[in-house]
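Coordinates in review
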Amino acid sequence: MSELITTDVLVIGAGLAGERAAISAAAEGNDVVILSLVPPRRSHSCAAQGGMQAALGNCNKGAGDSEELHWLDTVKGSDWGCDQEVARIFADTAPVAMREMAHHGVPWTRVKGGPADYFIKGKKVTLEEPRENEGLIMHRDFGGVSRWRTCYTADGTGHTVLYAMDNMVIELGISVHDRMEAIALIHDGEKCHGAVVRCLRTGELKNYVAKATVIATGGFGRVYKYSTNAIINQGTGQSIALDTGLVPLGNMEAVQFHPTGIVPTDILVTEGCRGDGGLLLDVDEYRFMPDYEPDKQELASRDVVSRRMTEHIQKGKGVPSPDGEHLWLDLRHLGEDHLRTKLREVYDICMYFLGVNPIKELVPVRPTQHYSMGGIRVNKDGHAYGLKGLWSVGESACWDMHGMNRLGGNSLAETVVAGMFCGQRMGQWAKAQTHEVDKALADKALNAQHERISSLISGGIGEANENVDELLIAAQEILQDKVGIFRKGEELEQAVVELREIYRRSGNLKMRSAFKGANPELAAAIRLPGMLKLALCVAKGALLRTESRGGHSREDYPERNDRDWLKRTLARWPIGADEPDISYEPVGLLESPPGQRGYGGAENIAMEQSVEDYNATVESEWIKQGWHPTATPLGTELKEMVEYASTKKS
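A few points on the structure. Since the structure is predicted, the reported quantities are computational estimates derived from the model, not experimental observations.

Let us now look at the overall build of the chain. Check the secondary structure of the chain and you find 17 helices and 23 strands. Against the globule reference of 26 Å for 650 residues, the chain gives a C-alpha radius of gyration of 24 Å, in line with a compact fold. With respect to the three principal axes, the spread of C-alpha positions in the chain is 70 × 55 × 55 Å. Looking at the 650 residues of the chain, the share that counts as buried comes to 63%. A total of about 23,600 Å² of accessible surface is found on the chain, and carbon and sulfur atoms cover 50% of it. One way to put it: in the chain the 72 positive side-chain charges average out to a point 2 Å from where the 90 negative ones average out.

Another aspect to go through is helix H2 (residues 67-77). For H2, the full list of buried residues reads His70, Trp71, Asp73, Thr74, Val75 and Gly77. If you follow the buried residues of H2, they end up packed against strand E3 (52-53), helix H3 (84-103) and helix H11 (410-431). Just past H2, the residue Asp79 takes up positive phi, approximately 60 degrees.

On to empty space enclosed by the protein. Under the definition given, this model contains three cavities of 30 Å³ or more. Looking at the largest cavity, the residues that line it are Val255, Gln256, Phe257, Asp303, Ser306, Arg307, Ile485, Gly550 and Gly551. Among the secondary structure elements, those contributing two or more residues to the lining of the largest cavity are strand E13 (255-262) and helix H8 (302-317). By volume, the second largest cavity is sized at about 40 Å³. Lining the second largest cavity, in full, are Lys191, Cys192, His193, Val209, Ala210, Lys211, Thr434, His435 and Glu436. At the level of elements, strand E10 (192-199) and strand E11 (205-215) are the ones that each hand at least two residues to the lining of the second largest cavity. Top contributing element to the lining of the second largest cavity by residue count: E11, with three residues. Residues belonging to the lining of the second largest cavity are distributed by class as follows: three nonpolar, three polar and three charged.

Ordered by their spatial adjacency, three strands build an open sheet running E3-E7-E6, and the pairing between neighbours is antiparallel. Pairing within the sheet leaves two strands with one partner each, and these edge strands are E3 and strand E6 (139-140). Pairing of E3 with strand E7 (residues 150-151) involves two bridges; the strand directions are antiparallel. Looking at E7, one finds that Gln53 is bridged to Thr150.

Take the pattern of salt bridges next. Taken as a whole and assessed by the stated rule, the structure comprises 53 salt bridges. Note that Asp469 is salt-bridged to Arg512, the shortest N-O span being 3.4 Å. With Asp469 in helix H13 (residues 468-482) and Arg512 in the loop between helix H14 (489-505) and helix H15 (520-544), this pair connects stretches of sequence that are 43 residues apart. Residue class for Arg512 comes out exposed when judged on its relative accessible area of 63%. When salt bridges that share partners are traced, they join Asp79, Glu253, Asp303, Arg307, Arg545, Glu547, Arg549, Arg560, Asp562 and Arg597 into one network.

The next subject is the sheet that holds strand E17 (residues 375-377). Spatial strand order, E19-E17-E12-E21-E22: five strands in an open sheet with mixed pairing. Of all strands in the sheet, those with a lone pairing partner are strand E19 (397-398) and strand E22 (581-586), marking the two edges. In this sheet, E22 lies alongside strand E21 (residues 567-572) in antiparallel orientation, the contact comprising six bridges. In the strand pairing of E22, Arg572 is matched with Asp581. Relative to the sheet, H15 contacts strand E12 (249-250), E21 and E22, its axis offset from that of E22 by approximately 60 degrees.

What follows is about H14. Between the first and last C-alpha of H14 there are 25 Å, a value that for 17 residues agrees with the 24 Å anticipated at 1.5 Å per step. Among the residues of H14, those classed as buried are Gly489, Leu492, Ala495, Val496, Leu499, Ile502 and Tyr503. Axial view of H14: buried residues confined to an arc of 145 degrees, hence all on one face. The inward-facing, buried residues of H14 abut H13 and H15.

For the rest of this paragraph, the subject is the packing of H2 against H3. Angle between the axes and distance between the axes are the two parameters that describe a pair of packed helices. Close contact between H2 and H3 brings their axes to 9 Å; oriented N to C, the two are set at 135 degrees. Classed by the angle they form, the pair H2 and H3 counts as oblique. Considering how the two elements wind past one another, H2 and H3 form a crossing that is right-handed. Together, Glu67, Glu68, His70, Trp71, Thr74 and Val75 of H2 and Gln84, Ala87, Arg88, Phe90, Ala91, Asp92, Ala94 and Pro95 of H3 make up the contact between the two elements.

Across the ten residues of strand E1 (residues 3-12), seven count as buried, placing the element largely inside the fold. Note that E1 and E11 share nine bridges and pair parallel. The residue bridging Ile12 from the neighbouring strand is Ile215, located in E11. Sheet topology note: the E1/strand E2 (residues 32-36) ladder contains four bridges and is parallel. For Leu10, the partnering residue across the bridge sits in E2 and is Val33. Considered for its hand, the β-α-β crossover made up of E1, helix H1 (residues 16-27) and E2 is right-handed.

Relative to the elements of secondary structure, Asp303 occurs in helix H8. When the C-alpha positions of Asp303 and Pro259 are compared, they lie 8.2 Å apart, and in sequence the two are 44 residues distant. For Asp303, the contacting residues outside a window of four places in its chain are Asn405, Gly550, Gly551 and Arg597. Within polar-contact distance, the side chain of Asp303 engages the side chain of Ser301 at 2.4 Å.

What follows covers the packing of aromatic side chains. Using the criterion set out here, one finds seven aromatic pairs in the structure. With centroids separated by 5.9 Å and ring planes inclined at 65 degrees, the aromatic side chains of Trp391 and Trp429 adopt a geometry described as edge-to-face. You can see Trp391 sitting in strand E18 (residues 390-392) and its partner Trp429 sitting in helix H11, a full 38 residues away along the chain. When its relative accessible area of 3% is taken as the criterion, Trp391 is described as buried. Seen from their ring centres, Trp399 and Phe421 are 6.4 Å apart, and the 50 degrees between their planes marks the pair as tilted. Of this pair, Trp399 sits in the loop between E19 and H11 while Phe421 sits in helix H11, placing them 22 residues apart in sequence. What makes Trp399 buried here is its relative accessible area of 3%. When the ring centre of Tyr371 is taken as reference, the NZ or CZ atom of Arg406 above it lies at 4.3 Å. The lysine or arginine in question, Lys567, covers the ring of Trp565, its NZ or CZ lying 4.9 Å from the ring centre.

On to the side chain of Glu395. Relative to the helices and strands, Glu395 resides in the loop between E18 and E19. Within the structure, Glu395 has its side chain in polar contact with the backbone nitrogen of Ser372 (distance 2.9 Å).

So, how was this worked out
Residues numbered from 1 in each chain as written. Predicted model: local features only at pLDDT ≥ 70, side-chain atom pairs only at ≥ 80, totals over all residues. Heavy atoms only, no water. Helix = DSSP H or I, 4+ residues; strand = E, 2+ residues; numbered from the N terminus. Rg over C-alpha atoms; globule rule 2.2 N^0.38 Å. Buried < 20%, exposed > 50% of the residue type's maximum accessible area, 1.4 Å probe, protein only. Areas by Shrake-Rupley, 256 points an atom, 1.4 Å probe, with all protein chains shown as cover. Lys, Arg positive; Asp, Glu negative; His and termini not counted. Charge placed at Lys NZ, Arg CZ, Asp CG, Glu CD. Contact = heavy atoms within 4.5 Å. 1 Å grid on protein atoms, 1.4 Å probe; cavity = no way out; pocket = protein on both sides within 12 Å on 5 of 7 lines; lining within 4 Å. Points joined across faces, edges and corners; volume = space filled by probe spheres on them. Nonpolar A, V, L, I, M, F, W, Y, C, P; charged D, E, K, R; others polar. Pairing = 2+ DSSP bridges. Salt bridge = Lys/Arg side-chain N within 4 Å of Asp/Glu carboxyl O. Axes fitted to C-alpha atoms, helices over the stretch in contact; angles between N-to-C directions. Expected span 1.5 Å × (residues − 1). Arc of directions from axis to C-beta. Parallel < 35°, antiparallel > 145°, perpendicular 65-115°, else oblique. Left-handed = near helix turned anticlockwise from the far one by under 90°. Right-handed = clockwise from strand over helix to strand, strands pointing away. Polar contact = N/O pair within 3.5 Å; in protein donor to acceptor, adjacent residues only side chain to side chain. Phe/Tyr/Trp six-rings, centres within 6.5 Å; stacked < 30°, edge-to-face > 60°. Lys NZ or Arg CZ within 6 Å of the ring centre and 35° of its normal.

Structure follows, in structure tokens:
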């Protein structure tokens, strides 16, 4: 007899986005349960270092900032691939979210009035910080922005905000069930009713039934061989949504490589290193970025800097090492005091994982897979396409404020902004629903997973002989080598064929262990088919997108093609299929027509329609397809917060 747990809202994932959405849902009067693979304070959000973007304009180099400028930087950063309405919702709500975090105890680094020394574009300069803003939230520079607007707590922003958020969860009495993994969604073909959940300690399966189910499981970076992502970032949330055959994933080919993963561990050192004045050097200790990007230099957007670094290595300017060629990050000129305070986590990472003292030595870095712009396609409220009652927020979602590239600091801010904004709408939606506990439906879903696991443990199906680790490593290497920073049609075709074959082979797994409890091999075997599906969505989407835009760079199609590709990829996986079906939707209404980003130097193929004609076509298509993902109005609580925040400074 399986255990059945009921709640109003089930949140899968206890990182920043999941916990903030849970808080919003609870504020609407719902009972909420959060599931987590790990104790919440070990969620990958805790590893985020650099900061959160919000237009507060408190410091000297942030003067004159506005939500409008933040919105425009976000649209440019996305390479005009984002939903511009969502980008505006985000930019308008971010200042509210940052001030709310201050209210709940986040120890933001604060403005110190008077003269202050900074390194800007390789030169030390002294700026006068406004004394009237003493004590307000300070900002640092990040790539692709027109003003300094990244709010930060030294280089431990994710850590401090997650701890503050988790304190709020505890204070509100929200239930957190950790060491629990959702392995399938319970649905009737029209509505999601919860999830089948596996206990990682005992292997026991349970049904969680809810009015609203929220996926907030973060990214899927571990489908790549080299990634800054935590080991748990294997895309389980995206996988179980894709498994329904109904819910599409958006823009899965849009994968971001961070310029500064340290070698050989690929642990991230924050963009704040370059924002604070760090420099990129080659084998000759020559600073090369100004040659490629004279204006933005090291602080062009991440997709551009990663490509420039890779180009420079390909020109023979990389530093040889047993772990492959790399470049250098130079922080020495920032000084010991700066490195031990504002970049203290970077200092510790370099010392403990590399044995390198960044006060005196160069840090070996290379572009490393870091972030997934793609995810579960949701509307502006965070409600998933194709299945009522399913929601998604954070990196697991394609909301879509990032388009084909996200600016640093925007994703960490998105966790609390989307959690606040979409979580409130989800909470209101759940409050208006009645509980529909279909035990037969839930038991059917659980029994299917029980049979699947029993088959794996008993030796697989038929002539099972495949090893889960070998298949995963093979898939990771294919993505790394053929679906990386630079992509070619021939290699992408090979990747799709090879990944399709590995996916077929994953149906013949043979386990070496035979118990259901705390069994890493079994956990990997359960996740592997879903990871391979995600890999195929990335590779096939990249093959079919015959242009270069943001994080998707085709050597055989180097232009950004606004004439043919102002559209978002949607990948669905039909039940029983061996690869995804790919379709497209418009990127959304254009307020800012496509233009030059101001960095990157790419050629563009201009759109042929006027913006007015394009927008009319978009609205017509949305209505015809039944999408029209319009956000509901702000709720009373959030309206009051916005009005209050507009009259206060933080």
